[in-house]
Amino acid sequence: NEELSKRVRTTQWAGIRGGPIEFNTVTGQPGSARGSAAGLIAWDELLTQKDHDMWAALGPTQSAQRSPIMLMTSTAGTAESVLLRSFYDRLVRMAVGDEKPDPRFYGAWWATQDPDVAAETAQTGKPITKAEWADILNSNPSVGDGRLTKEAIEVDHALLPPDHWRRERNNHFVIERARDPLFS
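Residues numbered from 1 in each chain as written. Predicted model: local features only at pLDDT ≥ 70, side-chain atom pairs only at ≥ 80, totals over all residues. Heavy atoms only, no water.

**Some points on the overall build of the chain**
Then step 1. What the chain contains, in helices and strands, is 6 helices and 5 strands.
Then step 2. Overall, the chain shows an N-to-C arrangement of helices and strands of α-β-β-β-β-α-β-α-α-α-α.
Then step 3. In the chain, buried positions account for 29% of the 184 residues. (Helix = DSSP H or I, 4+ residues; strand = E, 2+ residues; numbered from the N terminus. Buried < 20%, exposed > 50% of the residue type's maximum accessible area, 1.4 Å probe, protein only.)

Pasting the structure below:
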């Protein structure tokens, strides 16, 4: 896009610059954010963080900022999403009163009331019932503003296995268990 290329440019492997604002890209590798003092850090798809290395690399970069903001987003999590799970568990502890609310921490999690809603009929060809839709819309608020359609959710319902449905559309962590070993 010619108009966009006049206003925005890549900064080699570091990120993107748009006018006076530079968006840097860092990794969980030690030293990748060394020397940075980030006022705003935005994470996309926190579910991909399978250890705490990225947090360990980025957390200290905000220690010199007066009012730093760290925005973390994710669509769903797996058992391997340890960083997302850490923040989710903290959010739940605060919500139920097991941990004192922290004004520096804000979390929002959209999920169905019933973790199994429509999961048993996933991949069966059976339609989602009106009662199930009422709960499913709790975990998919972007249906209300048109970013997501019911049709897209129905496609997922037809294709996803039950555990994937619970995780991706109901937004619940799925407890994964290893199968019993087979001995010959």
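Moving on from the model shown.
**What about the environment of Met-94?**
Then step 1. Along the polypeptide, Met-94 turns up in helix α3 (residues 82-96).
Then step 2. A relative accessible area of 14% places Met-94 in the buried class.
Then step 3. Residues Met-94 and Phe-105, 11 residues apart in the sequence, show an inter-C-alpha distance of 9.9 Å.
Then step 4. The residues contacting Met-94, other than those within four sequence positions of it, are Glu-99, Lys-100, Pro-101, Asp-102 and Phe-105. (Contact = heavy atoms within 4.5 Å.)

**Things to note about unusual backbone geometry**
Then step 1. At Ala-118, a position not held by glycine, the phi torsion is positive, near 65°.
Then step 2. Relative to the helices and strands, Ala-118 is located in the loop between α3 and α4 (130-136).
Then step 3. The backbone phi angle of Gln-123 is positive, close to 65°, even though this residue is not glycine.
Then step 4. As for its position among the elements, Gln-123 is in the loop between α3 and α4.

**Points about the layout of surface pockets**
Then step 1. A volume near 1,300 Å³ is recorded for the largest pocket.
Then step 2. Taken together, 36 residues line the largest pocket, and the ones lying closest to its centre are Leu-71, Met-72, Thr-73, Tyr-106 and Gly-107.
Then step 3. In terms of residue class, the lining of the largest pocket is built from 20 nonpolar, 10 polar and 6 charged.
Then step 4. By volume, the second largest pocket is sized at about 590 Å³.
Then step 5. Along the walls of the second largest pocket sit 23 residues, with Phe-23, Asn-24, Leu-40, Ile-41 and Ala-42 positioned nearest its centre.
Then step 6. Its residues placed into classes, the lining of the second largest pocket shows 13 nonpolar, 7 polar and 3 charged. (1 Å grid on protein atoms, 1.4 Å probe; cavity = no way out; pocket = protein on both sides within 12 Å on 5 of 7 lines; lining within 4 Å. Points joined across faces, edges and corners; volume = space filled by probe spheres on them. Nonpolar A, V, L, I, M, F, W, Y, C, P; charged D, E, K, R; others polar.)

**Comments concerning the side chain of His-172**
Then step 1. Looking at the secondary structure, you find His-172 in the segment after α6 (162-168).
Then step 2. A relative accessible area of 18% means that His-172 is categorised as buried.
Then step 3. Among the polar contacts made by the side chain of His-172, one reaches the main-chain carbonyl oxygen of Thr-112 at a distance of 2.8 Å.
Then step 4. In contact with His-172, other than residues within four places in its own chain, are Ala-111, Thr-112, Asp-114, Pro-115, Arg-166 and Arg-167. (Polar contact = N/O pair within 3.5 Å; in protein donor to acceptor, adjacent residues only side chain to side chain.)

**Section: the packing of aromatic side chains**
Then step 1. One pass over the full model with this rule turns up 5 aromatic pairs.
Then step 2. For the pair Trp-55 and Phe-87, a centre-to-centre distance of 5.3 Å together with 65° between the ring planes defines the contact as edge-to-face. Of this pair, Trp-55 sits in helix α2 (residues 53-58) while Phe-87 sits in helix α3, and the two are 32 residues apart along the sequence.
Then step 3. Judged by centre distance (4.5 Å) and plane angle (55°), the rings of Tyr-88 and Trp-109 are tilted. In this pair, Tyr-88 sits in helix α3 while Trp-109 sits in the loop between α3 and α4, placing the two residues 21 residues apart along the sequence.
Then step 4. Of the aromatic side chains, those joined through ring pairs into one cluster are Trp-55, Phe-87 and Phe-105.
Then step 5. Lying over the aromatic face of Phe-105, Arg-90 brings its terminal NZ or CZ to 4.6 Å of the ring centre. (Phe/Tyr/Trp six-rings, centres within 6.5 Å; stacked < 30°, edge-to-face > 60°. Lys NZ or Arg CZ within 6 Å of the ring centre and 35° of its normal.)

Everything listed is a geometric property; what it means functionally is a separate question.
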